[in-house]
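# Commentary on secondary and tertiary structure
So you can see what is in the structure, the chains are spelled out below.
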Amino acid sequence: MNATFTRFDHSQADDWREIDLHFRDYREGVVDRVVAHLLRLEGDTHGYPVDRYTHCLQTATRAERAGADEETVVCALLHDIGDDLAPDNHAEIAAAILEPFVDPLNLWMIRHHELFQGYHYRHFYGLDRHARDDYRDHPAYPRTVRFCDEWDQTSFDPDYDTLTLAHFRPALERVLGRPPFEGAGLPEVRNASAEPSPGIDTRNRHPKST
Ligand SMILES: [Fe+2]
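Residues numbered from 1 in each chain as written. Predicted model: local features only at pLDDT ≥ 70, side-chain atom pairs only at ≥ 80, totals over all residues.

## Things to note about the overall build of the chain
How we decide: By the criteria applied, helices consist of DSSP H or I runs no shorter than four residues and strands consist of E runs no shorter than two, each listed in order from the N terminus. Exposed residues have 12 or fewer other C-beta atoms within 10 Å of their own C-beta, buried residues have 20 or more, and partly exposed residues fall in between, where C-beta atoms are placed from the backbone. Residues are scored as being in contact if the C-beta atoms we place from backbone atoms lie within 7 Å.
The helix and strand inventory of the chain stands at nine helices and zero strands. Secondary structure elements of the chain occur, N-terminal to C-terminal, as α-α-α-α-α-α-α-α-α. Going through the 210 residues of the chain one by one, you find that 29% of them count as buried. Nonlocal contacts in the chain, meaning residues at least 24 apart in sequence, comprise 57% of its contacts between residues at least 6 apart.

In C-alpha cells form, the structure reads like this:
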C-alpha cells in the first residue's frame, strides 16, 4: 500500500507510517546496494594498473593485515566507492555512506583522504604535496597519513594477494548494521499534535567532527 497524498502538505500521520514501513525495509538492503555499487567499479582501470574494485579490496586487505580494527577495514573497503559518481569529490560519497556508523575521526579520515593521498602525486601537477600538513594538529591527522601512506597509495599492485569481497562482507554487514548515529535511531511517526521528541535531532550528531 502507498501513501495517498500527492503533495506533502496534504499528508497525514498514517501516510508517514506507511512510508516508514517501506523505508525500514529498504534500509535493510543497504549492504546489498553498497556491494552492487562496489562491483560497478570492476573493469575499467582508467589508466591505473588495477581497477578501482581491486584497489578498494587491496586497500582493505592491507589495512586488515596491518591489524586495523574492523571499522577501519570497512572504511578502507569503501573509501573510493564514489569514484564513478563523483570523480572530482569522490570521498564525500564514502563519507556519506559511513557517517551514521563510524567514529568521527574515521569519518574525517575518509572525507580528507584525497588531499592526504595527494602527497604522493600532487607535485606532478605543480601542486603542493605538503598541503595535508595544514591539518597536522588535527586528531585524525596521524591515522589519515597512515591510511594513505601504508594502505591506499600502495594498493595498485595486480600481483598482490588481495582478499575477496566475500571475505569482507560480514564486516561490512556488522558496521553498516550498527544503530545509526550512535543509537539516536529513527524517530517514530506520531500524530502532528504530539510533542517533539528529544534526542533525535541529528544536526549536531558528531560535535567532534570539525
Ligand atoms: Fe584509494
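## Some thoughts on helix H3 (residues 52–65)
For the record, the criterion: One fewer than the residue count of a helix, multiplied by 1.5 Å, yields its expected span.
Helix length check: H3 (14 residues) gives 20 Å between terminal C-alpha atoms against 20 Å at 1.5 Å per residue, within 8%. Counting buried residues in H3 gives 13 out of 14 residues, a clear majority hidden from the surface. Just past H3, the residue Gly67 takes up positive phi, approximately 90°.

## Concerning the environment of Leu98
Looking at where Leu98 falls in the secondary structure, it is placed in helix H5 (residues 91–98). According to the C-beta neighbour criterion, Leu98 is buried, with 24 such atoms within 10 Å. The residues contacting Leu98, other than those within four sequence positions of it, are Cys75, Leu78, Leu107 and Ile110.

## What to know about helix H8 (residues 165–176)
Stated formally: What the arc covers is the set of directions going from the helix axis to the C-beta atoms.
Every buried residue of H8 is accounted for by Phe168, Leu172 and Val175. Summarising the axial view, the buried residues of H8 lie within an arc of 65°, below the 170-degree limit, and thus occupy one face. When the buried face of H8 is taken as reference, the exposed residues oriented beyond 90 degrees from it are Ala166 and Pro170. The inward-facing, buried residues of H8 contact helix H2 (30–40), H3 and helix H4 (70–78).

## A closer look at the nonpolar core
This is how it is decided: Throughout this description, the term nonpolar core refers to a group of buried Ala, Val, Leu, Ile, Met, Phe, Trp, Tyr and Cys residues whose C-beta atoms join them within 7 Å.
With 36 residues, the main nonpolar core has Leu77, Leu78, Ala94 and Leu98 as its most contacted residues. For this core, the secondary structure elements donating two or more residues are H2, H3, H4, H5, helix H6 (104–117), helix H7 (141–152) and H8. Setting aside chain neighbours within four positions, we find Ala94 in contact with Leu78, His79, Ile81, Gly82 and Ile110.

## Notes on unusual backbone geometry
Of note, the phi angle at His46 is positive, near 55°, even though the residue is not glycine. In this structure, His46 sits in the loop between H2 and H3.

## Some words on the packing of H2 against H8
Stated precisely, the cut-off is as follows: To obtain an axis, a line is fitted to C-alpha atoms, over the contacting stretch when the element is a helix, and the angle between two such axes runs from 0 to 180 degrees between their N-to-C directions. Convention used here: angles under 35 degrees read as roughly parallel, angles over 145 as roughly antiparallel, angles from 65 to 115 as roughly perpendicular, and any remaining angle as oblique. Definitions for this section: a left-handed crossing has its near helix turned counterclockwise from the far helix by less than a right angle. A right-handed crossing has that turn clockwise. Charged means Asp, Glu, Lys or Arg here, nonpolar means Ala, Val, Leu, Ile, Met, Phe, Trp, Tyr, Cys or Pro, and polar covers whatever is left, Gly included.
Contact geometry for H2 and H8: axes closest at 10 Å, N-to-C directions at 140°. It follows from the interaxial angle that H2 and H8 lie oblique. Handedness of the crossing formed by H2 with H8: right-handed. For the pair H2 and H8, the contacting residues are Val30, Val31, Val34, Val35 and Leu38 in the first and Leu165, Arg169, Leu172, Glu173 and Leu176 in the second. Here the contact of H2 with H8 is composed, by residue class, of eight nonpolar, no polar and two charged.

## Things to note about the packing of H4 against H6
Direction vectors running N to C along H4 and H6 enclose 20°, while the axes themselves pass 11 Å from each other. By the angle class used here, H4 and H6 are roughly parallel. Of the two possible hands of crossing, H4 and H6 adopt the one that is right-handed. Along its contact with H4, which presents Glu71, Thr72 and Cys75, the element H6 presents Asn106, Met109 and Ile110.

## Looking at the environment of His113
With respect to the helices and strands, the residue His113 is situated in helix H6. In this structure His113 comes out as buried when scored by C-beta crowding, with 25 C-beta atoms within 10 Å. With 34 residues separating them along the chain, His113 and His79 place their C-alpha atoms 8.2 Å apart. Residues contacting His113, with those up to four places away along its chain left out, are His79, Ala91, Thr144, Phe147, Cys148 and Asp152.

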